[in-house]
Amino acid sequence: MHANQLRIGLGEDSHRLAPGGPLRLGGVDVPHDRHAVGHSDADVLLHAITDALLGAAGLPDIGVLFPNTEEANRGRDSADMLRLAYDRVTAAGYRLANLDAVVHAQRPKISPHKAAIVDRVAQIIGVESHQINVKAKTGEGVGPVGQEELIEARCVALLEKNEP
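Source: prediction; values computed, not measured.

Asks: Break down the nonpolar core for me, citing the residues and quoting the values.
Replies: Core analysis: the largest hydrophobic core is formed by 41 residues, its most contacted members being Leu-25, Leu-45, Ile-49, Leu-53, Leu-96, Ile-132 and Ile-151. Listing elements by their share of this core, those giving two or more residues are β2 (23-25), β3 (28-30), α1 (44-56), α3 (78-91), β5 (94-104), α4 (114-125), β6 (132-137) and β7 (150-161). A total of eight residues in this core trace back to one element, the largest contributor, which is α1. If sequence neighbours within four positions are ignored, Leu-45 has contacts with Leu-25, Gly-26, Ala-101, Val-103, Ile-117, Val-134 and Ala-153.

Asks: Which residues make up the pairing of β6, and what are the values?
Replies: Where β5 meets β6, six bridges bridge the pair, whose relative direction is parallel. Bridge pairing in β6 places Ala-101 opposite Val-134. As for the winding sense of the linkage, the β-α-β connection from β5 through α4 to β6 is right-handed.

Asks: Which residues make up the packing of α1 against α3, and what values go with them?
Replies: Direction vectors running N to C along α1 and α3 enclose 10 degrees, while the axes themselves pass 9 Å from each other. Considering the angle they form, α1 stands roughly parallel to α3. Every residue of α3 that contacts α1 at Leu-46, His-47, Ile-49, Thr-50, Leu-53 and Leu-54 is listed here: Ser-78, Ala-79, Met-81, Leu-82, Ala-85, Tyr-86 and Val-89.

Asks: An account of the packing of α3 against α4 is needed here, citing residue identities and associated values.
Replies: Across the interface, α3 lies against α4 with an axial gap of 8 Å and an inter-helix angle of 50 degrees. Regarding the angle of α3 to α4, the classification is oblique. When α3 is examined against α4, the residues Ala-79, Leu-82, Arg-83 and Tyr-86 are found in contact with a partner set consisting of Arg-120, Ile-124 and Ile-125. Of the residues contributing to the contact of α3 with α4, the split by class is five nonpolar, no polar and two charged.

Asks: Tell me about the sheet that holds β6, residues and numbers included.
Replies: Taken together, five strands build an open sheet; the order of strands is β4-β1-β7-β5-β6 and the sheet is mixed. Two strands close off the open sheet at either side, each with one partner strand: β4 (34-37) and β6. Averaged over all pairs of adjacent strands, the angle between their axes in this sheet comes to 25 degrees, without regard to strand direction. Pairing of β5 with β7, which is carried by 10 bridges, proceeds in the antiparallel orientation. Bridging across to β7, Arg-95 finds its partner in Glu-160. Along the sheet face, α1 touches β1 (6-19), β5, β6 and β7 and points at about 160 degrees away from the line of β1.

The rules behind the values
Residues numbered from 1 in each chain as written. Predicted model: local features only at pLDDT ≥ 70, side-chain atom pairs only at ≥ 80, totals over all residues. Heavy atoms only, no water. Core = buried A, V, L, I, M, F, W, Y, C linked by side-chain atoms within 4.5 Å. Buried < 20%, exposed > 50% of the residue type's maximum accessible area, 1.4 Å probe, protein only. Helix = DSSP H or I, 4+ residues; strand = E, 2+ residues; numbered from the N terminus. Contact = heavy atoms within 4.5 Å. Pairing = 2+ DSSP bridges. Right-handed = clockwise from strand over helix to strand, strands pointing away. Axes fitted to C-alpha atoms, helices over the stretch in contact; angles between N-to-C directions. Parallel < 35°, antiparallel > 145°, perpendicular 65-115°, else oblique. Nonpolar A, V, L, I, M, F, W, Y, C, P; charged D, E, K, R; others polar.

Here's what the structure looks like:
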């Protein structure tokens with residue numbers, strides 16, 4: 001495989017947390033006493049994944065495609081944004097090799113929900129679950145993540161060029 005047939009992208013996002021749940025994460029409603037605040041549904045993981053995929057394909061980022069200044073994006077389902085973004089990635093001639101993501105949250109524990117999140121992400125973009133990996137880290141009680149003021153996610157995605 002030639003180097004120009006592989007492309008890597010990095011995506012990251014963060015959202016403030018506020019009282020009241022559930023927490024939408026990776027397209028799954030995770031039981032929690034807090035939710036992420038944002039213009040859309042504030043799914044920090046799907047936003048990071050979306051930007052990683054768009055970046056790998058050399059396409060405009062999530063803020064350009066789905067600006068928070070547009071009323072049509074208020075409360076929008078991030079799964080819809082991810083699906084539309086991945087459609088652009090495939091139209092540009094790429095397919096997902098794999099993606100690896102990490103969620104930074106003091107609470108809730110993500111491990112019990114990882115399988116559902118991985119399956120949901122794979123379903124949204126129409127790939128196999130083994131192509132998706134999600135990990136979780138706490139803030140160790142320090143900083144905005146550790147003090148439960150913020151949730152963050154980062155993702156790296158590897159795309160392969162489709163054969164002509």
